[in-house]
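Overview (structure and organization)
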Amino acid sequence: MFSSEFLLGAIVFLPALWAIPLIWFDGQNKDSMRYWTVLGTSLTFVLTLQLWASFDLAQGGMQHSFSKPWIPGWNVNYALGVDGISLPLVVLTGLVTVLAALASWSIDKHVKGYMMLFLLLETGMMGVFLSLDFFLFYVFWEVMLLPMYFLIGIWGGPRREYAAIKFFLYTLAGGVLMLIAMLMFYFYGGKTFDLQELARIAAGQSSTARFSETMQLTAFIMLFIGFAIKLPSFPFHTWLPDAHVEAPTPISMILAGVLLKMGGYGIIRIAMPLCPYGAQYAAYFMVALGVFSIIYGAFAAMAQTDFKRLVAYSSVSHMGYVLLGLAVWKITDGKTTGGEYWNMGISAAMFQMIAHGISSTGMFFMVGVLYDRVHHRDLNKFGGIAQLMPEYSGLAAVIFFAGLGLPGLCGFIGEIFTVLACWNFSPLLAIIAAAGVILTAGYILWTMQRVYLGPEYKGPHPEAITPFTAREKSVAYTLVVFAVLLGVFPNLLFSRMDNSVTKLVQSMSRTYDTHHGAGATVQTTQVR
């Protein structure tokens with residue numbers, strides 16, 4: 001229907017171009033700007049669905065890929081493409097952005113500036129997931145940082161400046177480490193930023209360049225820290241609760257639903273393929289860190305009395321499963337063993353990212369719906385909401401149960417398969433990770449009891465608790481439908497991811513076994 005250049009280019013740049021006409025909108029006509037933004041994000045989402053429909057399930061490599069010279073003197077290209085790893089995240093970004101735009105009616109000051117930054121943010125996010133050039137990836141990564149800084153710093157809560165600066169500094173620090181690693185790959189990799197070519201060099205398939213084990217390990221550490229800040233993983237997570245608590249509801253939805261996924265995507269798209277030796281060397285550390293994040297995030301969530309801060313810490317716990325699944329690469333006697341379990345782990349980690357994108361977006365939206373009415377988030381002052389807003393409470397229960405990991409909903413699949421994959425790697429760590437499910441059930445059920453159950457609401461502004469609006473229902477029902485759909489039909493995602501994940505696992509296993517494991521030892525002995 002569309003050429004690859006047009007389709008991918010439109011997905012990336014349509015939101016930014018759509019923001020330009022907002023300059024001429026009447027600043028007092030706020031609804032027209034809101035509807036214009038919803039229309040722009042909806043068109044982008046339709047284009048991502050076209051990309052989903054045109055995706056060839058039989059292929060494991062890049063599709064719709066193209067490359068055009070951008071800065072020829074430095075070998076920088078405008079290169080975009082999509083595979084089974086990036087496709088679900090592109091569609092998720094399109095969906096969450098539409099829902100966040102619908103949730104932006106609560107924004108009442110400087111609406112024009114908000115909507116323009118909002119659309120620019122979507123361009124940055126789409127660019128990160130579709131870039132095949134490391135330099136271009138880095139540009140989009142930084143482009144996304146600035147709108148988010150202003151969206152939190154201008155439209156956030158009482159401590160918005162502090163939260164925005166903390167978010168900016170943490171992400172910028174990670175970006176600097178990524179920049180240093182990128183320059184290492186450029187100068188050691190024959191002066192190219194092409195991610196696919198760099199992955200081939202890392203796999204030992206190039207006759208002109210090679211990445212040494214020391215270089216891979218050094219680069220992996222820098223890349224991992226940069227992406228772990230965004231994931232976020234302990235101990236790089238402390239920016240997240242502040243950013244979530246102070247950000248307006250729609251920005252919290254994007255932050256949890258999309259931005260955190262960039263950390264996991266960066267590890268699987270850049271850190272692991274470009275540094276296979278470093279990824280294997282750090283595997284046990286990453287698995288242990290993922291398990292610790294699961295337990296730590298759950299305990300931290302349980303200790304909160306601020307509704308939004310609780311949901312923020314739940315993200316630290318849930319994203320721990322992503323890190324756990326990505327890293328369960330087991331080596332025995334210098335050879336990869338149980339490769340199918342590692343394959344399962346990466347697929348489950350990808351599924352967990354999408355599922356968390358649905359459930360966390362929904363949880364932050366549900367918190368925002370209440371906050372817009374009663375203007376507080378103190379869990380100890382809620383109660384009885386189910387009697388006052390029964391439809392809202394029923395939908396909130398489904399979304400919170402999806403976050404809990406209830407079978408039949410989206411959260412269950414990713415968590416159970418990451419734990420199963422971890423058993424092959426370390427039964428002890430798998431048991432500890434499984435215990436995280438119990439802790440998650442504890443804090444979510446306790447939260448639901450304090451907010452939705454009870455005889456009556458005793459907090460401030462009881463007169464402001466009005467029924468769900470049609471706009472709010474459209475957001476909530478959409479999220480519930482996707483939570484159930486992915487829980488009942490997980491193969492909708494797995495079928496698109498399988499070939500790409502299998503190709504990645506086989507390539508990295510073969511590279512390690514040949515160049516760094518037992519195979520490398522045998523070859524060295526024969527030469528001597």
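Bringing the overall build of the protein chain into the picture now. Regarding its fold elements, the protein chain presents 21 helices and four strands. Projected onto its principal axes, the C-alpha coordinates of the protein chain cover approximately 85 × 55 × 40 Å. Intrachain contacts of the protein chain at a sequence separation of at least 6 include 81% that bridge at least 24 residues. Accessible surface computed for the protein chain: about 19000 Å², of which carbon and sulfur atoms make up 65%.

Two elements in contact, helix H1 (residues 4-19) and helix H4 (residues 111-130), have axes whose closest approach is 7 Å; the angle formed by their N-to-C orientations is 165 degrees. Judged by the angle between their axes, H1 and H4 are roughly antiparallel. For the crossing formed where H1 meets H4, the hand is left-handed. Along the contact surface, H1 presents Leu8, Ile11, Val12, Phe13, Pro15, Ala16, Trp18 and Ala19, while H4 presents Met116, Leu119, Leu120, Glu122, Thr123, Met126, Gly127 and Leu130. Across the contact of H1 with H4, the residue classes break down as 13 nonpolar, two polar and one charged.

Let's shift gears to the packing of aromatic side chains. Tallied over the full model, the rule gives 39 aromatic pairs. A centroid spacing of 5.5 Å and a plane angle of 75 degrees characterise the contact between tyrosine 114 and tryptophan 155, whose relative ring orientation is edge-to-face. Of this pair, tyrosine 114 sits in helix H4 while tryptophan 155 sits in helix H5 (residues 134-155), placing them 41 residues apart in sequence. Overall, tyrosine 114 belongs to the buried group, its relative accessible area being 0%. Taking the relative accessible area as the measure of exposure, tryptophan 155 reaches 10% and is therefore buried. Centre to centre, the rings of tyrosine 392 and tyrosine 452 are 5.8 Å apart; their planes meet at 55 degrees, and the pair counts as tilted. On the criterion of sequence distance, the pair formed by tyrosine 392 in helix H16 (residues 390-404) and tyrosine 452 in helix H18 (residues 427-452) is long-range, its members being 60 residues apart. A single burial state applies to tyrosine 392 and to tyrosine 452, both of which are buried. Connected via pairs of aromatic rings, a cluster forms that spans Phe307, Phe382, Tyr392, Phe400, Tyr452, Tyr457 and Phe468.

Between leucine 231 and proline 232 the backbone carries a cis peptide bond, its omega angle lying at -15 degrees. Within the element layout of this structure, proline 232 appears in the loop between helix H8 (213-230) and helix H9 (239-246). The amide bond that connects phenylalanine 234 to the next residue, proline 235, takes the cis arrangement and shows omega of 5 degrees. Residue position: proline 235 is located in the loop between H8 and H9. Phi angles above zero are rare outside glycine, and histidine 110 is one such case at about 50 degrees. Here histidine 110 is to be found in the loop between helix H3 (87-102) and H4. The phi dihedral of histidine 461 falls on the positive side, at around 55 degrees, and the residue is not glycine. Mapped onto the fold, histidine 461 is located in the loop between H18 and helix H19 (470-488).

A few words now on the pattern of salt bridges. Within this structure, the stated rule accounts for 12 salt bridges. Of the charged contacts in the structure, one is a salt bridge between aspartate 108 and lysine 30, with a shortest N-O distance of 3.4 Å. On the criterion of sequence distance, the pair formed by aspartate 108 in the loop between H3 and H4 and lysine 30 in helix H2 (residues 30-53) is long-range, its members being 78 residues apart. We classify aspartate 108 as partly exposed; its relative accessible area is 47%. With its nearest N and O atoms 3.1 Å apart, the salt bridge here joins glutamate 197 to arginine 200.

Here the focus is the pairing of strand E1 (residues 63-71). Sheet topology note: the E1/strand E2 (residues 76-82) ladder contains six bridges and is antiparallel. Counterpart to serine 67 in the pairing with E2 is alanine 79. Taking the residues between adjacent antiparallel strands as the criterion, E1 and E2 are bridged by four residues, where asparagine 75 takes a positive phi near 60 degrees.

Taken together, the side chains of Phe13, Leu17, Ile20, Ile23 and Trp24 define a hydrophobic patch exposed on the protein surface, amounting to about 540 Å² of accessible area. The residue isoleucine 20 is located in the loop between H1 and H2 in this model.

Put simply, helix H14 (residues 339-374) and H19 touch, their axes get as near as 10 Å, and they point 155 degrees apart. What the angle tells us is that H14 and H19 run roughly antiparallel. Here H14 and H19 pass one another in a crossing that is left-handed. Along its contact with H14, which presents Phe351, Ile354, Ile358, Thr361, Gly362, Phe365, Met366, Val369 and Arg373, the element H19 presents Glu472, Val475, Ala476, Leu479, Phe482, Ala483 and Leu486. Across the contact of H14 with H19, the residue classes tally to 12 nonpolar, two polar and two charged.

Now for the side chain of lysine 166. Topologically, lysine 166 is positioned in helix H6 (residues 160-188). Given the relative accessible area of 16%, lysine 166 is considered buried. In terms of polar contacts, lysine 166 uses its side chain to reach the backbone carbonyl oxygen of threonine 238, at 3.3 Å.

Attention now goes to the confidence of the model for the protein chain. When pLDDT is averaged along the protein chain, the result is 89, and 97% of the positions lie at 70 or above. Averaged over each element, pLDDT in the protein chain is lowest for helix H21 (residues 518-527) (39) and highest for H3 (95). With pLDDT under 50 throughout, residues 521-528 is counted as low confidence; its partners more than four residues away or in other chains account for one contact.

Let us now look at H1. Between its terminal C-alpha atoms H1 stretches 23 Å, which fits the 22 Å expected from 16 residues at 1.5 Å a residue. The sharpest bend along H1 measures roughly 50 degrees and falls at phenylalanine 13, with the proline proline 15 sitting one to four residues further on. Taken together, the buried positions of H1 are Leu7, Leu8, Gly9, Ala10, Ile11, Val12, Leu14, Pro15, Trp18 and Ala19. Considering only its buried residues, H1 is in contact with H2, E1, E2, H3, H4 and H5.

Criteria and thresholds
- Residues numbered from 1 in each chain as written.
- Predicted model: local features only at pLDDT ≥ 70, side-chain atom pairs only at ≥ 80, totals over all residues.
- Heavy atoms only, no water.
- Helix = DSSP H or I, 4+ residues; strand = E, 2+ residues; numbered from the N terminus.
- Contact = heavy atoms within 4.5 Å.
- Areas by Shrake-Rupley, 256 points an atom, 1.4 Å probe, with all protein chains shown as cover.
- Axes fitted to C-alpha atoms, helices over the stretch in contact; angles between N-to-C directions.
- Parallel < 35°, antiparallel > 145°, perpendicular 65-115°, else oblique.
- Left-handed = near helix turned anticlockwise from the far one by under 90°.
- Nonpolar A, V, L, I, M, F, W, Y, C, P; charged D, E, K, R; others polar.
- Phe/Tyr/Trp six-rings, centres within 6.5 Å; stacked < 30°, edge-to-face > 60°.
- Buried < 20%, exposed > 50% of the residue type's maximum accessible area, 1.4 Å probe, protein only.
- Salt bridge = Lys/Arg side-chain N within 4 Å of Asp/Glu carboxyl O.
- Pairing = 2+ DSSP bridges.
- Patch = residues over 30% accessible without salt bridge, like charges linked within 9 Å, V, L, I, M, F, W, Y side chains within 5 Å.
- Polar contact = N/O pair within 3.5 Å; in protein donor to acceptor, adjacent residues only side chain to side chain.
- pLDDT = per-residue confidence, 0-100.
- Expected span 1.5 Å × (residues − 1).
- Bend = angle between axes of the 7 residues up to and from the residue.

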